Amino acid sequence: MSRSDRKTTTATARHPLLREAAATLALLADEEDFAAMREYPPFTALDGHRAYLRQTEEALRALAARDGHTTVALLDPDRFHAYCADHGIDPAKPASRARYTAGLAAAGATLPYEGQPVGLLVPQLVDAAERRAGLEVATMILAAAGDCPGCGEDIGRTACSRASHALLRLVDAAGPGVHHLVCSVPAGPAPLTAALHAEGGERGGLRSPEAETMLFCSVLAAGIATGAPGGVVLRTSVPDGRDRVRGWALRDAWLRPLTAAEVFSAYCTDPGTGEPVAPEPGVDHLPGFDLPEPDGCCGPPADGG
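Every residue gets a number counted from 1 within its own chain, in the order that chain's sequence is written. Only residues with pLDDT of at least 70 get local features here, since the model is predicted, and only at 80 or more are side-chain atom pairs given and counted; chain-wide, interface and lining totals rely on the full set of residues. In computing side-chain values, all of the structure's heavy atoms are included and hydrogens and water are not.

Observations regarding the packing of aromatic side chains
The geometry of an aromatic ring pair is captured by the separation of the ring centres together with the interplanar angle, meaning the angle of the planes. The condition that has to hold: Whether two aromatic rings pair depends on their centres lying within 6.5 Å, for rings of Phe, Tyr and Trp, where Trp uses its six-membered ring; planes under 30 degrees apart make the pair stacked, over 60 edge-to-face, and the rest tilted. Only protein chains enter the accessibility calculation, which uses a 1.4 Å probe; a residue whose area is less than 20% of its type maximum is buried, one above 50% is exposed, and one in between is partly exposed. Helix and strand definitions here come from DSSP, where helices need a minimum of 4 consecutive H or I residues and strands a minimum of 2 consecutive E residues; each element is numbered from the N-terminal end.
What the rule picks out here adds up to six aromatic pairs. When the centroid spacing of 6.2 Å and the interplanar angle of 85° are considered together, the rings of Phe 34 and Phe 43 count as edge-to-face. The exposure class of Phe 34 is buried, given its relative accessible area of 2%. Overall, the relative accessible area of 6% leaves Phe 43 in the buried class. For the pair Trp 248 and Phe 289, a centre-to-centre distance of 5.0 Å together with 65° between the ring planes defines the contact as edge-to-face. One end of the pair, Trp 248, is in strand S8 (residues 243-251); the other, Phe 289, is in the segment after strand S10 (283-285), and 41 residues separate them in sequence. With respect to burial, Trp 248 and Phe 289 carry one shared label: buried. Among the aromatic residues, ring-to-ring pairing joins Phe 34, Phe 43 and Tyr 52 into one connected group.

Examining the nonpolar core
Note the cut-off: Here, nonpolar core refers to any group of buried Ala, Val, Leu, Ile, Met, Phe, Trp, Tyr and Cys residues whose side-chain atoms link them within 4.5 Å. Only heavy atoms enter the contact rule, under which two residues are in contact if any of them lie within 4.5 Å.
Among the nonpolar cores identified, the biggest contains 38 residues, and Leu 170, Leu 181, Phe 216, Leu 220, Val 232, Trp 248 and Leu 255 are the most heavily contacted of them. Listed by contribution, the elements that provide at least two residues to this core are helix H6 (118-143), helix H7 (155-174), strand S4 (177-185), strand S5 (192-201), helix H8 (210-226), strand S7 (231-237), S8 and strand S9 (254-257). For this core, the leading source of residues is H8, giving nine residues. Beyond its immediate sequence surroundings of up to four residues, Leu 220 is in contact with Ala 163, Ala 166, Cys 183, Val 232, Leu 250 and Leu 255. Counting 29 residues, the second-largest nonpolar core is a separate cluster that includes Ala 29, Tyr 40, Ile 89 and Tyr 100.

Some words on the confidence of the model for the chain
Keep this limit in mind: pLDDT measures the predictor's confidence residue by residue and takes values from 0 up to 100.
When pLDDT is averaged across the chain, the result is 85; 86% of the residues are at 70 or more. This stretch, residues 1-13, has a pLDDT under 50; its non-local contacts, to residues over four places away or in other chains, come to eleven contacts. Every residue in residues 300-305 scores below 50 in pLDDT, and together they form 13 contacts with partners more than four places removed in sequence or on other chains.

Points about a negative patch on the surface
The criterion, for reference: For patches, a residue must show more than 30% relative accessible area and have no salt bridge; joins then use 9 Å for like charges and 5 Å for nonpolar side chains, namely Val, Leu, Ile, Met, Phe, Trp and Tyr. We get accessible surface area from the Shrake-Rupley algorithm with a probe of 1.4 Å; when it comes to residues, only the shown protein chains can shield them. Only one rule defines a salt bridge in this text: a Lys or Arg side-chain nitrogen within 4 Å of an Asp or Glu carboxyl oxygen. Residues scored as charged are limited to Lys and Arg (positive) and Asp and Glu (negative), so that His and the chain ends carry no count. Just so you know, the charge point we use is NZ for Lys, CZ for Arg, CG for Asp and CD for Glu.
The grouping of Asp 30, Glu 31, Glu 32, Asp 76 and Asp 78 at the surface amounts to a negative patch. Tracing the backbone shows Asp 78 in helix H4 (residues 77-87). Asp 78 sits in the exposed class, given a relative accessible area of 64%.

Here we look at H6
Count 3.6 residues to each turn of an α-helix, and residues three or four apart come out pointing the same way. Stated formally: Expected span of a helix, by definition, is 1.5 Å for each gap between consecutive residues, and there is one gap fewer than residues.
The end-to-end C-alpha separation of H6 is 37 Å, in line with the 38 Å expected for 26 residues at 1.5 Å each. Buried within H6 are the following residues: Val 118, Leu 121, Val 122, Leu 125, Ala 128, Gly 134, Ala 138 and Leu 142.

Thoughts on the sheet that holds strand S2 (residues 70-74)
The condition is simple: Being paired, for any two strands, means DSSP has found at least two bridges between them. Simply put, an axis is a line fit to the C-alpha atoms, just over the touching stretch for a helix, and the angle between two N-to-C directions goes from 0 to 180 degrees.
Spatial ordering of the open sheet is given by S1-S2-S3, a layout of three strands whose pairing is mixed. Each end of this open sheet is capped by a strand with a single partner; those strands are strand S1 (23-27) and strand S3 (110-112). Put simply, the sheet's adjacent strands are angled 30° from each other on average, direction ignored. Alignment of S1 against S2, held across five bridges, turns out to be parallel. Within S2, the position partnered with Ala 26 by the bridge is Ala 73. Along the sheet face, helix H5 (residues 94-107) touches S1, S2 and S3 and points at about 105° away from the line of S1. Contacts from H6 reach S1, S2 and S3 within the one sheet, and its direction differs from that of S2 by about 65°.

As for the pattern of salt bridges
All chains considered together, the criterion is met by six salt bridges. The salt bridge involving Arg 235 is made with Asp 243; its shortest N-O contact spans 2.9 Å. Considered together, Arg 235 and Asp 243 belong to a single accessibility category, that of buried residues. With its nearest N and O atoms 2.9 Å apart, the salt bridge here joins Asp 284 to Arg 242. Of this pair, Asp 284 sits in strand S10 while Arg 242 is found in the loop between S7 and S8, placing the two residues 42 residues apart along the sequence. Its relative accessible area of 29% is what places Asp 284 among the partly exposed residues.

And the structure:
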């Protein structure tokens, strides 16, 4: 047991209520973020980001030794400095970081610390932060969609219902196997994207992580609500079989199946350069299947906006 762990154990024994106190530690994800905070103690005394991560792991183990609940968040230097400026506090003081971190615990993307190495925590935190950011954008789009000029229903609410319906139809029709779905919808300078890993059983149904499912449905709903020309790609893997890739384009507030040639073109084209990419071995590019469209008015405003 390290000296810090012994101190924590002694303090916990002296104050048993500490076992019931939750703690959140915000960490810097990469060298660039570390450099942005390097002028503040205790970062000034550390020899680079790797040394910082080692100390972070020691701190997490010490917190976990209290038998309390510990979560980890990302410390974004830009947002931290903006927070300090807005609240008139000194970014060099540890108390300012503690105050900022408390806000992250209440509203930001956090993960529970369960003894996993920091090297695993960092990419998980980055993914969680990206999911939360995407969800916030999609939620703002849905909230601003307004009412349907045709039926008066809230477009955002209707779009969410249709997106959930579409996801269940997709996985049920795809059948047993492990499914990887990607939804992409234009939204300003960068597209909104969501990836979802789901498992379909012999009797149908959907088993997937809740956070991924929520983001996928929200991004798809944002495309439905705005009339954006988005799409969905579904890749299904089965034991001892070839992977199957299918695709759909988002048109008229619903997913319309692509042809096999369109799926091949979309899947085998570099999105950054537009250059063709060699197809993967063991993968079949198939047409999307028809998805029964739910009844009722579904559209975004008549002008598509």
